[in-house]
Amino acid sequence: MADADDVRRLALALPHVVEIDSDGFDFRVENKGFVWSYPERLPGKPRVIRTDIAVLYVGDEAEKQALLLGEPDLFFTATGYDGFPLVMLRLTEASVERLAELITDAWRMRAPAELQETLQGG
């Protein structure tokens, strides 16, 4: 089971990652977000920052649909995210190993090529 501390530790271990000040967590590489806490919006209620849910950049609609259909216990989406290459991950359902893989993949898709080369296997 993963949590917000795991997100923070894993994201900050990647090259050139900056944490943006927020009520939850928000990580960027070269000013591009790749993982942040879910800003839940329920009708008629104020937005709530959910640190038990991570929003992850996944690159494209095909990858998004593959994750949503392949692992529905882990991933979901919301109406406001239609058309965006983003999925929500239930941290309490994810292993730390799986979280590490997802965060690294998200970072790779957002980081410029020269930064990607700084990771082993990049």
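In the block above lies the structure referred to throughout.
The shown structure was predicted, so the numbers you read here are calculated from the model rather than taken from an experiment.

Asker: Would you mind going over the nonpolar core in detail, with residue names and values included?
Answerer: Among the nonpolar cores identified, the biggest contains 39 residues, and Phe34, Val35, Leu89 and Ile103 are the most heavily contacted of them. Elements that contribute at least two residues to this core include exactly helix H1 (4–12), strand E2 (26–29), strand E3 (32–40), strand E4 (48–57), helix H2 (61–70), strand E5 (75–76), strand E6 (86–90) and helix H3 (96–110). When neighbours within four sequence positions are excluded, Ile103 is seen to be in contact with Val7, Leu10, Ala11, Leu14, Phe34, Val35 and Leu56.

Asker: Kindly report on the sheet that holds E6, identifying the contributing residues and their values.
Answerer: Read from one edge to the other, the open sheet built from 6 strands follows the order E1-E2-E3-E4-E6-E5, with strand pairing classed as antiparallel. Where the open sheet ends on each side, the last strands, each with one partner, are strand E1 (17–19) and E5. In terms of strand pairing, E5 meets E6 through 2 bridges, oriented antiparallel. Opposite Phe75, over in E6, you have Leu89 as the bridge partner. In the packing of H3 onto the sheet, the strands contacted are E1, E2, E3, E4, E5 and E6, and the crossing angle to E3 comes to about 125°.

Asker: Can you tell me about unusual backbone geometry, naming the residues and giving the values?
Answerer: You will see that His16, though not glycine, has its phi angle at about 60°, which is positive. Along the chain, His16 falls in the loop between H1 and E1. At Asn31, a residue that is not glycine, the phi angle is positive and equals roughly 70°. Mapped onto the secondary structure, Asn31 falls in the loop between E2 and E3.

Asker: Mind laying out the side chain of Lys64, listing which residues take part and the relevant values?
Answerer: Positionally, Lys64 belongs in helix H2. In this structure Lys64 is buried but unpaired, with Glu61 as the nearest side chain of opposite charge at 4.3 Å.

Asker: Explain the environment of Ala11 to me, using residue names and the numbers behind them.
Answerer: Counting through the fold element by element, Ala11 comes out in helix H1. What makes Ala11 buried here is its relative accessible area of 0%. With residues up to four places along the chain from it excluded, the contact list for Ala11 reads Val17, Phe27, Phe34, Val35 and Ile103.

Asker: Let's hear about the pairing of E3: which residues, and what values?
Answerer: Extensive coverage of E3 is indicated by the burial of 8 of its 9 residues. Here E2 pairs with E3 via 4 bridges, running antiparallel. Residue Arg28 lies in a different strand from E3, and its bridge partner there is Gly33. Connecting the antiparallel pair E2 and E3 is a turn made up of 2 residues, with Glu30 showing a positive phi of about 50°. In this structure, E3 lies alongside E4, joined through 6 bridges in antiparallel fashion. Bridge pairing links Ser37 to Ala54 in E4.

Each value, and the rule that gives it
- Residues numbered from 1 in each chain as written.
- Predicted model: local features only at pLDDT ≥ 70, side-chain atom pairs only at ≥ 80, totals over all residues.
- Heavy atoms only, no water.
- Core = buried A, V, L, I, M, F, W, Y, C linked by side-chain atoms within 4.5 Å.
- Buried < 20%, exposed > 50% of the residue type's maximum accessible area, 1.4 Å probe, protein only.
- Helix = DSSP H or I, 4+ residues; strand = E, 2+ residues; numbered from the N terminus.
- Contact = heavy atoms within 4.5 Å.
- Pairing = 2+ DSSP bridges.
- Axes fitted to C-alpha atoms, helices over the stretch in contact; angles between N-to-C directions.
- Lys, Arg positive; Asp, Glu negative; His and termini not counted.
- Salt bridge = Lys/Arg side-chain N within 4 Å of Asp/Glu carboxyl O.

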